[in-house]
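The residues making up each chain are set out below.
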Amino acid sequence: MSEKKTGVIILQKAGTYVFSTVMGALLSVALITLFALLMYALQMPLYFAEYLSLTALGCGCMLSGFICGRIKKRGGLKLGLQCAAILLALCALGALISGGLNGSAAVSKIITGVLTGCTGGVLGVNRN
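Chains are numbered independently. Their residues run from 1 in the order of the written sequence. Whole-chain, interface and lining totals are the exception, using all residues; otherwise, since this is a predicted model, local features are given only for residues with pLDDT of at least 70 and side-chain atom pairs are given and counted only at 80 or more. Each side-chain value is derived from all of the structure's non-hydrogen atoms; neither hydrogens nor water enter the calculation.

K.L.:
Which residues make up the layout of surface pockets, and what values do they have?
P.N.:
Buried and open spaces are told apart on a 1 Å grid over the protein atoms alone, a cavity being a set of points where a 1.4 Å probe fits but cannot get out and a pocket being an open set with protein on both sides within 12 Å along at least five of seven lines. Residues with an atom within 4 Å of a point are the lining residues. Grid points are joined across faces, edges and corners, and a volume is the space filled by probe spheres set on the points. Taken as a whole, the largest pocket encloses approximately 290 Å³ of empty space. Secondary structure elements are defined from DSSP: runs of H or I of at least 4 residues count as helices, runs of E of at least 2 residues count as strands, and each element is numbered from the N terminus. For the lining of the largest pocket, the elements supplying multiple residues, two or more each, are helix 3 (76–98) and helix 4 (106–126). With 4 residues, the single largest contributor to the lining of the largest pocket is helix 3. A volume near 250 Å³ is recorded for the second largest pocket. For the second largest pocket, the full set of lining residues is Ala25, Ser28, Val29, Ile32, Ser53, Leu57, Leu87, Leu90, Cys91 and Lys109.

Structure representation (structure tokens):
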């Protein structure tokens, strides 16, 4: 295979992950914004923020895995895991940049991201 075709194949594979991760990240940001407005409007206690942020992260990982599974059409569990890992890396990078990387909720975020990402990937592959 020529180098040009190899490069095109690599870009197509990477493009799937980039597109699905961007869509998942956008959903997570939209949900976090919505949940922040909801917490402000209802004057909810601050400890609800952790649960709502986990919900937003889980929805973003699930959408990311779902889109990637729909595009690739096989290997949904692996695809969902990879998409969740990419989103979790983005979250860690954002926490590192903002100075809030302390690892206190890392286990719950990893478990939530992996479970929902894998679920989304499997659902995406099995979708008609």
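Structure shown, so let's carry the discussion forward.
K.L.:
Requested: an account of helix 2 (residues 48–72), with residues and values cited.
P.N.:
One less than the number of residues in a helix, times 1.5 Å, gives the span that helix is expected to have. Here helix 2 spans 36 Å end to end across 25 residues, near enough to the 36 Å set by a 1.5 Å rise per residue. Buried, partly exposed and exposed residues are distinguished by accessible area as a fraction of the type maximum, computed with a 1.4 Å probe on protein chains only: under 20%, between the cut-offs, and over 50%, respectively. Among all positions in helix 2, only Leu52, Leu54, Ala56, Leu57, Gly58, Gly60, Cys61, Ser64, Gly65, Ile67, Cys68 and Gly69 are buried. Check the buried side of helix 2 and you find it contacts helix 1 (3–42), helix 3 and helix 4. Only heavy atoms enter the contact rule, under which two residues are in contact if any of them lie within 4.5 Å.

K.L.:
Outline the environment of Gly121, supporting the account with residue identities and numerical values.
P.N.:
Residue placement: Gly121 occurs in helix 4. Remark: the alpha-carbon pair of Gly121 and Gln82, spanning 39 residues in sequence, is separated by 9.5 Å. Setting aside its immediate chain neighbours within four residues, Gly121 contacts Gly65, Phe66, Gly69, Gly76 and Gly80.

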